Amino acid sequence: MMSTIALVDDDKNILASVSIALQAEGFATRIYSDPEAAFKALSENPADLVVCDIKMPRMDGIELLRRLREKSRMPFIFLTSKIDELDEALGLAMGADDYIAKPFSQRLLIARIKAILRRAEMVQKDGQVDEEKSDPIVRGRLEMDPARHRVKWAGQDVTLTVTELLILETLANRPGVVKSRNQLMDVAYQDDIYVDDRTIDSHIKRLRRKFREVDPQFNAIDTLYGAGYRFSEE
């Protein structure tokens, strides 16, 4: 069945170009330049996933997410500028699934949409997870439930994007084994999406930062210079 993607942005050029790209990939799209109109429409007729700008007049993306979360768990991706880290963190804490920094590659956005929809398909309509695809991971103080997109460190919740979770899951599945940047890129960015090596380094930096917010002594992700990264089980 064709998935429907709702696009919310006050920039009509972005709405038009992204909508065309998504339709070429087989998605149906609904576009909204007014977040108030988007809230009303999505409340009555949810989409399979929402892509939303953060900075908009009248109602910003975080407020739209907050209101929608009172009604549904539609997957949600933020479009944000690189200076919006505080907004990004707040949005993720409120239940956004991922974010992409502007200016962005449409191919990258499509890859992230597909990854989130694949993960959403693992959850049954009644909210239960397919047990055959739901193997929790416990590595020392790390607890992961990838199918439910839940991560804890020492019993405290850690909010990750889909990309960060995929990278962490790959490392934690084989503790002690070094994963190269190329291997991590293959996991996090499928569908022949090209990203620079520094992109993976940035995700690792963010992962460490988020875990150190709950445990300043966190050091479970090692860097092996010239080789890659590994998860060290304590």
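Residues numbered from 1 in each chain as written. Predicted model: local features only at pLDDT ≥ 70, side-chain atom pairs only at ≥ 80, totals over all residues. Heavy atoms only, no water.

Judged by nonpolar contacts, the single largest core of 24 residues is most densely connected at Leu142, Val151, Leu168, Phe211 and Ile221. Breaking this core down by element, the ones donating at least two residues are β7 (142–145), β8 (150–153), α6 (162–173), α7 (181–188), α8 (197–214) and β11 (228–231). Counting residues per element, this core draws most heavily on α6, which supplies five residues. For Leu168, the residues in contact, after removing those within four places along its chain, are Leu142, Met144, Val151, Leu160, Leu207, Phe211, Ile221 and Phe231. (Core = buried A, V, L, I, M, F, W, Y, C linked by side-chain atoms within 4.5 Å. Buried < 20%, exposed > 50% of the residue type's maximum accessible area, 1.4 Å probe, protein only. Helix = DSSP H or I, 4+ residues; strand = E, 2+ residues; numbered from the N terminus. Contact = heavy atoms within 4.5 Å.)

Okay, the packing of aromatic side chains next. The tally for this structure, following the rule as stated, stands at four aromatic pairs. A centroid spacing of 4.9 Å and a plane angle of 80 degrees characterise the contact between Trp153 and Phe218, whose relative ring orientation is edge-to-face. Here Trp153 is found in strand β8, whereas its partner Phe218 is found in the loop between α8 and β10 (221–224), with 65 residues between them in sequence. The exposure class of Phe218 is buried, given its relative accessible area of 2%. Pairing Phe211 with Phe218 gives two aromatic rings, centres 4.7 Å apart and planes at 15 degrees, and the pair type is stacked. On the basis of relative accessibility, which here comes to 0%, the residue Phe211 falls in the buried class. An aromatic cluster is defined as three or more aromatic residues linked by ring pairs; in this entry it consists of Trp153, Phe211 and Phe218. Across the ring face of Phe39, the terminal group of Arg67 is positioned such that the distance to the ring centre comes to 5.6 Å. (Phe/Tyr/Trp six-rings, centres within 6.5 Å; stacked < 30°, edge-to-face > 60°. Lys NZ or Arg CZ within 6 Å of the ring centre and 35° of its normal.)

Pairing of β10 with β11 involves four bridges; the strand directions are antiparallel. Across the sheet, residue Asp222 finds its bridge partner in β11, namely Arg230. Here β10 folds back onto β11 in antiparallel fashion, the turn holding three residues, of which Gly226 has a positive phi close to 85 degrees. (Pairing = 2+ DSSP bridges.)

Summarising the model, the chain shows a mean pLDDT of 84, and 85% of its residues fall at 70 or more. Counted against residues more than four places away or in other chains, residues 123–133, with its pLDDT under 50, gives twelve contacts. (pLDDT = per-residue confidence, 0-100.)

A sheet is described by the order of its strands in space; here five strands give the open sequence β2-β1-β3-β4-β5, paired in parallel fashion. Lying at the two open borders of the sheet, with one neighbouring strand each, are β2 (28–32) and β5 (98–102). Neighbour to neighbour, the strand axes of the sheet diverge by 20 degrees on average, direction disregarded. Pairing of strand β1 (residues 4–8) with β2 involves five bridges; the strand directions are parallel. Each bridged residue has a counterpart across the sheet, and for Leu7 the counterpart in β2 is Ile31. Seen against the sheet, helix α2 (residues 35–44) touches β1, β2 and β3 (49–53) and runs at an angle of roughly 135 degrees to β2. (Axes fitted to C-alpha atoms, helices over the stretch in contact; angles between N-to-C directions.)

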